[in-house]
Amino acid sequence: MTTPEPHAGNVWPIWEVFVRSSRGLSHVHAGSLHAPDAAMALRNARDLYTRRNEGVSIWVVPADAIASSDPDSKGAFFESPQGKDYRHATYYTKSEGVKHL
Amino acid sequence: MSTSPETTATPAPAEETGGHGDLNVGVKAAGGSGEATASATRITPGNALRPEDIALAVSSGSAKPTEDVAEIALRLGDDALILAQRLGHWISRAPELEEDIALGNIALDQLGHARSFLSYAGGLDGRSEDDLAYFRREHEFRSASIFEQPNGDFAVTIARQFVVSYYQFELYSQLTQSTDATLAGIAAKAVKEVDYHRDHSAQWVLRLAGGTDESREKMIHGFKVIWPYVDELFRDDELTARLSASGAAVEPSSLRAEFDRLTGEVFAEAELEVPKVQPAPGGGRRGLHSEHLGYILAEMQVLAREYPGASW
């Protein structure tokens, strides 16, 4: 993993923290923090986000490395599936004689 | 000590019930409704030997230290207590918020060890951890000199923490084999936490030594200031000889080789030299302290002495 460039003014870069609470579950976004590099980001995440026994695994990701959808294009991006009932299995009637549906 | 406030970075501090059950904080909503206030992560107290368990074992009579074991527990408890008080001073003053919490966490770990050791030590004559922490005078404290050394700048604090963590790790690793079951139990819990303290301070030694010219100079200065107090940690005396013979503890001198080897590895990687300094005379184990301890105790004890029995 590459370490992001320190920001102006010598401020440590921001990292996003993902914590897995137990085996078999997914890592869940827990919050963010500052750290000079990935190794310290993991340690800071341990101190900030698992001090009440919350985790068995941590991921840290440079905040810069995350691409996110544009909140302003919510309509174009997320509203199109509305009303398209045929994308759900419940839209269809069961054919006769089909078992285990 | 049981009322020490904790610094917290996570949402809504859990109501500490003292039980071992699932605290269920922030989990309720996570079950299905997906409220915005739900914590993304699940909080549990976990299972571990707590100071309260030791106090209970002592008061019920199921654990009672011998005079020698009580004295070594007092030494180790005082070491951890004074260091916790020193580290606590960093809260709100560290270079970054994240480091503030890291040092606060280490301070709280040390305070936990202190509470366990002092609860056990008090079992000899019925004194509580608070009696021992708040109502003893300076010459009755048995902590070694390194623990009361001033925080200095961040590099001095890291140098002190580095030495202490590597020493405590070796000591607690050995104490897990103690013939005294309570000492072994406290050490088994503490050694895992101290292992992390080693890692934290070693990471910072490497970064400060390998950072800028200024950070390297400060790290070198930090070790020069702290190193005179290393020798005292590894000095044997009559108490440790008796405890070593009975299998309850080890001679401190037997820990030195491994301490030198492991700290030497970090020094080599950081391209630092072990400081060549004259060892300080020490005397903390006999109650002889520097001018620093009195100020630490004054701040730590004032509230308990002004308002005996106060709670908040």
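Residues numbered from 1 in each chain as written. Chains lettered and ligands numbered in written order. Predicted model: local features only at pLDDT ≥ 70, side-chain atom pairs only at ≥ 80, totals over all residues.

Here's the deal with the overall build of chain B
(1) Moving on: The number of helices and strands found in chain B is 12 helices and 0 strands.
(2) Moving on: Start at the N end of chain B and walk to the C end: the helices and strands fall as α-α-α-α-α-α-α-α-α-α-α-α.
(3) Moving on: Here chain B holds 312 residues, and the buried ones make up 41% of them.
(4) Moving on: Put simply, of all contacts in chain B between residues at least 6 apart along the chain, 72% involve residues at least 24 apart. (Helix = DSSP H or I, 4+ residues; strand = E, 2+ residues; numbered from the N terminus. Buried ≥ 20, exposed ≤ 12 C-beta atoms within 10 Å, placed from the backbone. Contact = placed C-beta atoms within 7 Å.)

Let's talk about the sheet that holds strand β2 (residues 28-34) of chain A
Residues and elements named next belong to chain A.
(1) Moving on: Judged by pairing direction, the sheet is antiparallel, and its 3 strands sit side by side in the order β2-β1-β3 without closing on themselves. Taken across any chain shown, the strands that pair with only one partner, and hence form the sheet edges, are β2 and β3 (57-62). Ignoring strand direction, the axes of neighbouring strands in this sheet form an average angle of 30°.
(2) Moving on: Here 6 bridges tie strand β1 (residues 14-20) to β3, and the two strands are oriented antiparallel to one another. From the neighbouring strand, Val 19 faces β3, where its bridge partner is Ile 58.
(3) Moving on: Lying over the sheet, helix α1 (residues 38-49) contacts β1, β2 and β3, oriented at roughly 125° with respect to β3. (Pairing = 2+ DSSP bridges. Axes fitted to C-alpha atoms, helices over the stretch in contact; angles between N-to-C directions.)

Quick word on the environment of B:Ala155
Residues and elements named next belong to chain B.
(1) Moving on: Mapped onto the elements, Ala 155 comes out in helix α6 (residues 154-175).
(2) Moving on: Spatially, the C-alpha atoms of Ala 155 and Gly 222 are 5.4 Å apart, while their sequence positions differ by 67 residues.
(3) Moving on: Beyond its immediate stretch of four places on either side in the chain, Ala 155 contacts Leu 208, Lys 218, Met 219, His 221 and Gly 222.

Overview of the confidence of the model for chain A
(1) Moving on: Across chain A, pLDDT averages 87, with 91% of residues at or above 70.
(2) Moving on: By mean pLDDT, the top-scoring element of chain A is β3(A) (97), and the lowest-scoring one is helix α2 (residues 74-78) of chain A (86). (pLDDT = per-residue confidence, 0-100.)

Side note on helix α3 (residues 97-121) of chain B
(1) Moving on: The terminal C-alpha atoms of α3(B), which comprises 25 residues, lie 36 Å apart, in line with the 36 Å expected from a rise of 1.5 Å per residue.
(2) Moving on: Across the 25 residues that make up α3(B), a large majority, 22, are buried. (Expected span 1.5 Å × (residues − 1).)

Considerations on the pairing of β1(A)
Look at any regular strand and the pattern is simple: side chains alternate between the two faces of the sheet.
(1) Moving on: Note: β1(A) against β2(A), 6 bridges, orientation antiparallel. Directly across from A:Ile14, in β2(A), lies its bridge partner A:His34.

Focus on unusual backbone geometry
Peptide bonds are mostly trans, and most non-glycine residues show a negative phi.
(1) Moving on: One non-glycine residue, A:Asn53, lies in positive phi territory at about 70°.
(2) Moving on: Looking at the secondary structure, you find A:Asn53 in the loop between α1 and β3.
(3) Moving on: Judged by the 17 C-beta atoms lying within 10 Å of it, A:Asn53 is partly exposed.
(4) Moving on: With a phi close to 80°, B:Ser92 is a non-glycine residue in the positive phi region.
(5) Moving on: As for its placement among the helices and strands, B:Ser92 is situated in the loop between α2 (67-88) and α3.
(6) Moving on: A residue is classified by how many C-beta atoms lie within 10 Å of it, and B:Ser92, with 9 of them, is exposed.

Some points on the nonpolar core
(1) Moving on: Counting residues in hydrophobic clusters, the biggest one holds 85 residues, and the most contacted among them are A:Val17, B:Ala73, B:Phe117 and B:Val163.
(2) Moving on: With 14 residues, α6(B) is the single largest residue contributor to this core.
(3) Moving on: Residues in contact with B:Phe117, not counting those within four places in the same chain, are B:Ala73, B:Leu76, B:Gly77, B:Ala80 and B:Ile186. (Core = buried A, V, L, I, M, F, W, Y, C linked by C-beta atoms within 7 Å.)

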